Each structure stands twice: as C-alpha cells, then as structure tokens.
Amino acid sequence: MSHTIMTAAVLYAQVALVLAMCFATWRILGGPRAQDRILGLDTLYVNGMLFLLTVGIRSGNVFFFEAALVIGMLGFVATVALAKFLMRGEVIE
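Looking at an unreviewed UniProt entry, one finds the chain named K+/H+ antiporter subunit F, with Haematobacter genomosp. 1 as its source organism. Its UniProt record gives the chain the following Subcellular location (unreviewed entry) comment, quoted word for word: "Cell membrane". Regarding the chain, the UniProt comment filed under Sequence similarities (unreviewed entry) reads as follows: "Belongs to the CPA3 antiporters (TC 2.A.63) subunit F family."

Given below as structure tokens:
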C-alpha cells in the first residue's frame, strides 16, 4: 500500500471519528433518558480511543496506543458502574 493511500485513509478515518464524536456528544447533551446519555458516553469513549489509535498510526508514537488502552479500560469500568447504578440505585454494595 502506498504512503499516499495510507495517509488519505487515516485522515478520512479521523474525520469520520470526529464526526461520530460530535454525534455522541449531541446524544449526551440532548438525550431524553439517562440510558441514552450512558450510551452516548460509551460511544464517545470508544470513538475517542479509536481516534487516538489513528493518531498513533499517523505519528508512529507508542504513547497514543498506551493512552488508548487506558481509555478503553476506564471507559469499560465507567459504563459498568453507571449501568449498575441505573439498575440498583447504588454502585457499592
């Protein structure tokens, strides 16, 4: 794969991810229910993680891959905690 095609593909992916992050933010701010807001937050952190991966691919810096891994782990824990809070009304039993 040529360098030009790879650069164009990564740039297109970054633009698409930023657009998806804007839509997820819109769902967080305008969601009528708490479940919609949590789904928007889940989508936002996944898109943010993927955006960091594309930045890491583009720059070749390992730091972005490690940051994406941390965001993925913390985002999963936050989603589980918020879902548990919505189901039971408490996080810690």
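Next comes the rest of the description.
Enquirer: Would you mind showing me how to read the environment of Leu86 here?
Expert: Topologically, Leu86 is positioned in helix H3 (residues 62-88). For Leu86, a relative accessible area of 36% corresponds to the partly exposed category. Residues within four places of Leu86 in sequence aside, it is in contact with Ala34, Gln35 and Ile38.

What counts and what doesn't
- Residues numbered from 1 in each chain as written.
- Predicted model: local features only at pLDDT ≥ 70, side-chain atom pairs only at ≥ 80, totals over all residues.
- Heavy atoms only, no water.
- UniProt positions renumbered as here; feature names shortened; annotations may be inferred.
- Helix = DSSP H or I, 4+ residues; strand = E, 2+ residues; numbered from the N terminus.
- Buried < 20%, exposed > 50% of the residue type's maximum accessible area, 1.4 Å probe, protein only.
- Contact = heavy atoms within 4.5 Å.

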